[in-house]
Structure formats: C-alpha cells, structure tokens
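# Inside the fold
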Amino acid sequence: MAEKLAPEKRHDFIHNGQKVFEWDQTLEEVNMYITLPPNVHPKAFHCKIQSKHIEVGIKGNPPYLNHDLSSPVKTDCSFWTLEDDIMHITLQKREKGQTWASPILGQGQLDPYATDIEQKRLMLQRFQEENPGFDFSQAQFTGNCPDPRSFMGGIRSD
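None of these values were measured; they are calculated from a predicted model. (Residues numbered from 1 in each chain as written. Predicted model: local features only at pLDDT ≥ 70, side-chain atom pairs only at ≥ 80, totals over all residues. Heavy atoms only, no water.)

### Re unusual backbone geometry
Positive phi, close to 50 degrees, is recorded for asparagine 16, a residue that is not glycine. Following the sequence through the fold, asparagine 16 ends up in the loop between strand S1 (11-15) and strand S2 (18-25). Phi is positive for aspartate 84, which is not a glycine, with a value near 50 degrees. Following the sequence through the fold, aspartate 84 ends up in the loop between strand S7 (73-83) and strand S8 (86-93). (Helix = DSSP H or I, 4+ residues; strand = E, 2+ residues; numbered from the N terminus.)

### Structural notes on the nonpolar core
Note on soluble globular proteins: their nonpolar side chains tend to be buried together. Of all hydrophobic cores here, the largest spans 23 residues; its most connected members are Phe21, Met32, Ile54, Val56, Met87, Ile89 and Leu91. For this core, the elements supplying multiple residues, two or more each, are S2, strand S3 (29-35), strand S4 (45-50), strand S5 (53-58) and S8. Here isoleucine 89 is in contact with Val30, Asn31, Met32, Ile34, Cys47, Ile49, Ile54, Val56, Phe79 and Trp80, once residues within four sequence places are set aside. Membership of the second largest hydrophobic core comes to five residues, among which are Met123, Leu124, Phe127 and Phe136. (Core = buried A, V, L, I, M, F, W, Y, C linked by side-chain atoms within 4.5 Å. Buried < 20%, exposed > 50% of the residue type's maximum accessible area, 1.4 Å probe, protein only. Contact = heavy atoms within 4.5 Å.)

### What about the UniProt feature "domain: CS" (unreviewed entry) in the protein?
The UniProt record annotates "domain: CS" (unreviewed entry) at residues 16-104. With 0% helix and 56% strand, residues 16-104 has its two end C-alpha atoms placed 15 Å apart. (UniProt positions renumbered as here; feature names shortened; annotations may be inferred.)

### Brief notes about the sheet that holds S1
As a general point, the strands of a sheet are linked pairwise by backbone hydrogen bonds and lie either parallel or antiparallel. The strand order across the open sheet formed by five strands is S1-S2-S3-S8-S7, and the pairing between neighbours is antiparallel. At either margin of the open sheet sits one strand with a lone partner, and together these are S1 and S7. If you compare each strand with its neighbour and ignore which way they point, the axes differ by 20 degrees on average. Bridge count for S3 against S8 is seven bridges, and the pairing is antiparallel. Looking across to S8, one finds that isoleucine 34 is bridged to methionine 87. (Pairing = 2+ DSSP bridges. Axes fitted to C-alpha atoms, helices over the stretch in contact; angles between N-to-C directions.)

### Points about the pattern of salt bridges
According to the stated counting rule, one finds seven salt bridges in the structure shown. In this structure, glutamate 22 and arginine 10 form a salt bridge, with 3.2 Å as the shortest nitrogen-oxygen distance. In this pair, glutamate 22 sits in strand S2 while arginine 10 sits in the segment before S1, placing the two residues twelve residues apart along the sequence. Owing to a relative accessible area of 36%, arginine 10 belongs among the partly exposed residues under this scheme. Connected through shared salt-bridge partners, Arg10, Lys19 and Glu22 make up one network. (Salt bridge = Lys/Arg side-chain N within 4 Å of Asp/Glu carboxyl O.)

### Let's talk about the pairing of S4
Judged from the six bridges that link them, S4 and S5 form a sheet pairing that is antiparallel. Pairing of glutamine 50 across the sheet is with histidine 53, part of S5.

### Let's talk about the layout of surface pockets
In this structure, the second largest pocket spans a volume of roughly 250 Å³. Elements that contribute at least two residues to the lining of the second largest pocket include exactly S2, S3, S5 and S8. Ranked by residue count, the leading element in the lining of the second largest pocket is S2, at four residues. Tallied by class, residues from the lining of the second largest pocket come to 13 nonpolar, three polar and three charged. (1 Å grid on protein atoms, 1.4 Å probe; cavity = no way out; pocket = protein on both sides within 12 Å on 5 of 7 lines; lining within 4 Å. Points joined across faces, edges and corners; volume = space filled by probe spheres on them. Nonpolar A, V, L, I, M, F, W, Y, C, P; charged D, E, K, R; others polar.)

### Remarks on the packing of aromatic side chains
By the definition in use, this model includes four aromatic pairs. Seen in terms of ring centroids, phenylalanine 127 and phenylalanine 136 are 5.7 Å apart; in terms of plane orientation they differ by 45 degrees. Their pairing is tilted. For the pair formed by phenylalanine 127 and phenylalanine 136, the shared burial category is buried. For phenylalanine 136, a relative accessible area of 18% corresponds to the buried category. Taken together, the ring pairs in this structure connect Phe127, Phe134, Phe136 and Phe141 into an aromatic cluster. The ring of tyrosine 33 carries the charged tip of arginine 10 above its face, separated from the ring centre by 3.4 Å. (Phe/Tyr/Trp six-rings, centres within 6.5 Å; stacked < 30°, edge-to-face > 60°. Lys NZ or Arg CZ within 6 Å of the ring centre and 35° of its normal.)

Shown next as structure tokens:
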C-alpha cells in the first residue's frame, strides 16, 4: 500500500532552458537524478555530499553542481550510485517529513500548488506509515494540509 503513495512523477530542475536534473521526495529522502554525459568513464564522476552542500562533476573539471542544499541532510545515510547512465543521489533528510520545495537552496522552487500537492502526499505517507493496516492511497485533503513534520505532536521516531 505504501508504494501507492510514492512520488507519481519527478520534478524537473531547469536552468537556462536546460534540464539539470530531476528529483522527487519521500518522508525521509530527497532523490536527485542526473543524466550522465556519454563517453565518460563511470570512475571519472564524483559526488561530495555535505550536511548543507552538494558538489557533483567529472574529476579534473569544474563541478557541474556546486550548491547549498535547501535543508540539512544526514551525510552518513546519504549516498550516490551510477546506473544506466543516470547518477542517482539519495539525500537523507535530517528532519523526516519536511517538505522540500527544491533540493537546491533558492533555485528551482516548486510553485505553491505543486508544493501543496507534495505536502499532501507526504502527509498521507505519514498516515500510512503510522497506520499500516489502513489504505490511504485514495484519501484526499480539502483545503490546507497540515505540515506532516509537526501535525499532532510530530513524527514518531520509534
């Protein structure tokens, strides 16, 4: 049932008319997907994840991405992999349930409508996680959705 509440589609991060990366999020993670350039050996790529900063590129060249993150991450649980010409970066949110409007601080923000949809989906994920015997995949919110991080005393960490 929880997979029904997974992100339905990825968000595009566009800069100067070019897609830089795609991304999505869950209660616990923000995932970034970068299409790799052809004819570059996989061992040439690097990714450095810090608590509030990310750097991605090809060794010996200026970084492709070198930006502060929208929110802090748990570096010991964050990682990156290469698969099928895609770099997949998994950033573990420091604050579970926080809705990110973009992985990159101050850039590529989701519009208010898309942010509201994300917050509602994360809230339903939280309900599903806390009540595994119920199916929330068809549930809907009307009006403003509460913050999934703090609603009813916040997310339990047990």
